[in-house]
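Per-entry structural report
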Amino acid sequence: MTSHVLVTRARRLADDLLAPHAERVDQEGVPASHIEAIKRSGLLGVSAPVAYGGSAAPAAVARETAEILAGACCSTWFVQTQHHTPVMTLARSELPVRERLLGPLARGELMSGVAYAHLRAYPRIPVRVTRERGGWRFDGTVPWYTGWGLNDVMLLAGVTDADEALFAFAEAREQEGLRPSDPMRLAALTASRTVSLELDGLWLPEEAVALRAPYAEWAKTDRPKPTNASPAVFGVAQAALALLDDDTSGPIRTRLYEVRKQAYALADQPVPHEHLAERLALRTQAYEVLMTATTAAVVAGGGRSLSLTSKAQRLAREALFLLVQGQTAESRRAHLKALADSATQSDRP
């Protein structure tokens, strides 16, 4: 735990706004007022450069604020967490769009969504980018886009004919060449306003481009990211443990802190592509603790847990969402193998 000002603000936001309304938000959707509060808090600039209005806070602070927000209202956390990838992409960029957008995004004047996870489907290419009129044309389907109607801009990615990953900023609104689906009805986090996007000749100028690199080069930097345990897993697990008595929660909490400590130590390693197998193993262990904690909360709540007003059932559904959030083929294989191995060991006399 830290005493950083952003941690204090996150706790105040969680206690005063997010947690008290989490069940209503779960059923009705993340309101614009929640996003405005996040913008005003400074949390959108937690990792952004100070020179552009951010806080450049240590990774430990960014993780702790994420835990706090996710534990209070996972839907609101999920909408705002999209913002941090565009911020850090711009912070590393040397292209003109950095000067136009990094400041407003770091200061929370604008909030960005992301439309790039489909790049991980390569060699399948859901979104193709081609040269057109001195800019770039985007065609294809973005399967998942979170925060529709709440975000100001989006960081959109596709693959060029030269096998490059190209990222560019677009306004997050329906426009020529960009059409959203109706909001998806999901078992969990329907409140996050997730849609799919149909791209049919969306044109963006060259000055909208934030990153352009050979796909293999981009994939090398991206691969370690989904192998680390998400802070949201620990945040939701801790929220579930708060619903239990000390005798039940104590052993689970001890295990949670143990896995959390190891996972964050690996996340802080200076070479992110090392220890991938160990990272994946700890990610899976974090899921195990999460499912234990949320299952225990449902059991403790008894029949009341089946009510849509029950915090325990909301947390259990959020846990299901986190099991697949940020999932890749590699992380899926590791998780399924761990589940199969666990079943095999439990069968032994």
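Since we're looking at a predicted model, the values are computed, not measured.

For the rest of this paragraph, the subject is the overall build of the protein. Helix and strand counts for the protein stand at 13 helices and eight strands. Here the C-alpha atoms of the protein give a radius of gyration of 20 Å, agreeing with the 20 Å that 2.2 N^0.38 yields for 349 residues. Taking the principal axes of the C-alpha coordinates as reference, the protein spans close to 65 × 45 × 40 Å. Each of the 349 residues in the protein was classed as buried or not, and the buried ones make up 51%. Sequence-distant contacts in the protein: of pairs separated by 6 or more residues, those separated by 24 or more amount to 74%. Taken as a whole, the protein presents about 16000 Å² of accessible surface, with 54% of it coming from carbon and sulfur. Averaging the locations of the 39 positively and 39 negatively charged side chains of the protein gives two centres separated by 2 Å.

Our next topic: the nonpolar core. Ranked by size, the top nonpolar core spans 62 residues in total, and within it Trp77, Phe234 and Leu322 carry the most contacts. Sequence-distant contacts of tryptophan 77, defined by excluding residues within four places in its chain, comprise Ala66, Leu69, Ala70, Ser230, Ala232, Leu322 and Gln325.

Before going further, it helps to examine helix α5 (residues 74–81). Note: α-helices contain 3.6 residues per turn, so residues at a spacing of three or four share the same orientation. α5 sits mainly inside the fold: seven of its eight residues count as buried. Taken as a whole, α5 has its buried residues at Cys74, Ser75, Thr76, Trp77, Phe78, Val79 and Gln80.

Okay, the pairing of strand β4 (residues 153–160) next. Two faces, one strand: in a regular strand the side chains alternate between the faces of the sheet. Summarising burial for β4: eight of the eight residues are buried, a large majority. Note that strand β1 (residues 112–115) and β4 share four bridges and pair parallel. Each residue of the ladder has a partner; that of glycine 113, found in β4, is methionine 154. Sheet analysis places strand β2 (residues 127–132) next to β4, joined by two bridges and oriented parallel. Looking across to β4, one finds that arginine 128 is bridged to valine 159. Note that β4 and strand β5 (residues 164–171) share seven bridges and pair antiparallel. Paired with valine 153 across the strands is glutamate 171, a residue of β5.

What counts as what
- Residues numbered from 1 in each chain as written.
- Predicted model: local features only at pLDDT ≥ 70, side-chain atom pairs only at ≥ 80, totals over all residues.
- Heavy atoms only, no water.
- Helix = DSSP H or I, 4+ residues; strand = E, 2+ residues; numbered from the N terminus.
- Rg over C-alpha atoms; globule rule 2.2 N^0.38 Å.
- Buried < 20%, exposed > 50% of the residue type's maximum accessible area, 1.4 Å probe, protein only.
- Contact = heavy atoms within 4.5 Å.
- Areas by Shrake-Rupley, 256 points an atom, 1.4 Å probe, with all protein chains shown as cover.
- Lys, Arg positive; Asp, Glu negative; His and termini not counted.
- Charge placed at Lys NZ, Arg CZ, Asp CG, Glu CD.
- Core = buried A, V, L, I, M, F, W, Y, C linked by side-chain atoms within 4.5 Å.
- Pairing = 2+ DSSP bridges.

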